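# Structural overview for review
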Amino acid sequence: MRGLKRLRSVQTISAGHALVQNIRRGHHELAADTDPQLRLAAASTELAHAV
């Protein structure tokens with residue numbers, strides 16, 4: 001059976017999904033000054049440089 005088998009996996013996926021939604025809605029300072037259509041791509045680039 002495929003899918004999320006452990007609670008930790010569900011928590012990780014859920015947290016990542018919430019982060020992406022918040023970035024798209026502009027709730028974070030990441031890429032806040034960019035076009036809303038490109039906000040997620042710009043934020044992922046900023047996060048990649050930070051890590």
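Scroll up to find the structure.
Residues numbered from 1 in each chain as written. Predicted model: local features only at pLDDT ≥ 70, side-chain atom pairs only at ≥ 80, totals over all residues. Heavy atoms only, no water.

## Observations concerning the overall build of the chain
- Helix and strand counts for the chain come out as two helices and zero strands.
- Taking 2.2 N^0.38 as the reference for a compact globule, 51 residues should give roughly 10 Å; the C-alpha atoms of the chain span a radius of gyration of 13 Å, well beyond that estimate.
- If you line up the chain on its principal axes, its C-alpha atoms span 40 × 20 × 15 Å.
- Out of the 51 residues in the chain, the part that is buried amounts to 8%.
- Of the accessible surface of the chain, which amounts to about 4,400 Å², a share of 56% is contributed by carbon and sulfur atoms.
- Looking at charge distribution, the chain has the averaged site of its 7 positive side-chain charges lying 24 Å from that of its 4 negative ones. (Helix = DSSP H or I, 4+ residues; strand = E, 2+ residues; numbered from the N terminus. Rg over C-alpha atoms; globule rule 2.2 N^0.38 Å. Buried < 20%, exposed > 50% of the residue type's maximum accessible area, 1.4 Å probe, protein only. Areas by Shrake-Rupley, 256 points an atom, 1.4 Å probe, with all protein chains shown as cover. Lys, Arg positive; Asp, Glu negative; His and termini not counted. Charge placed at Lys NZ, Arg CZ, Asp CG, Glu CD.)

## What about the environment of Leu-19?
- In this fold, Leu-19 is placed in helix α1 (residues 7–25).
- Looking at Leu-19, the relative accessible area reads 36%, which means it is partly exposed.
- Residues Leu-19 and Thr-45, spaced 26 residues apart in sequence, show a C-alpha to C-alpha distance of 15 Å.

## Re a nonpolar patch on the surface
- Residues Leu-4, Leu-7, Val-10 and Ile-13 make up a contiguous nonpolar surface patch of roughly 390 Å² in combined accessible area.
- Among the structural elements, Val-10 can be located in helix α1. (Patch = residues over 30% accessible without salt bridge, like charges linked within 9 Å, V, L, I, M, F, W, Y side chains within 5 Å. Salt bridge = Lys/Arg side-chain N within 4 Å of Asp/Glu carboxyl O.)

## Details of the environment of Ala-32
- Position of Ala-32 relative to the elements: it lies in the loop between α1 and α2 (39–50).
- Taking the relative accessible area as the measure of exposure, Ala-32 reaches 48% and is therefore partly exposed.
- When the C-alpha positions of Ala-32 and Ser-44 are compared, they lie 12 Å apart, and in sequence the two are 12 residues distant.

## Observations concerning α1
- Between its first and last C-alpha, α1 extends 27 Å over 19 residues, near the 27 Å set by a 1.5 Å rise per residue.
- Of the residues flanking the end of α1, it is Gly-26, one or two places downstream, whose phi is positive at about 85°. (Expected span 1.5 Å × (residues − 1).)

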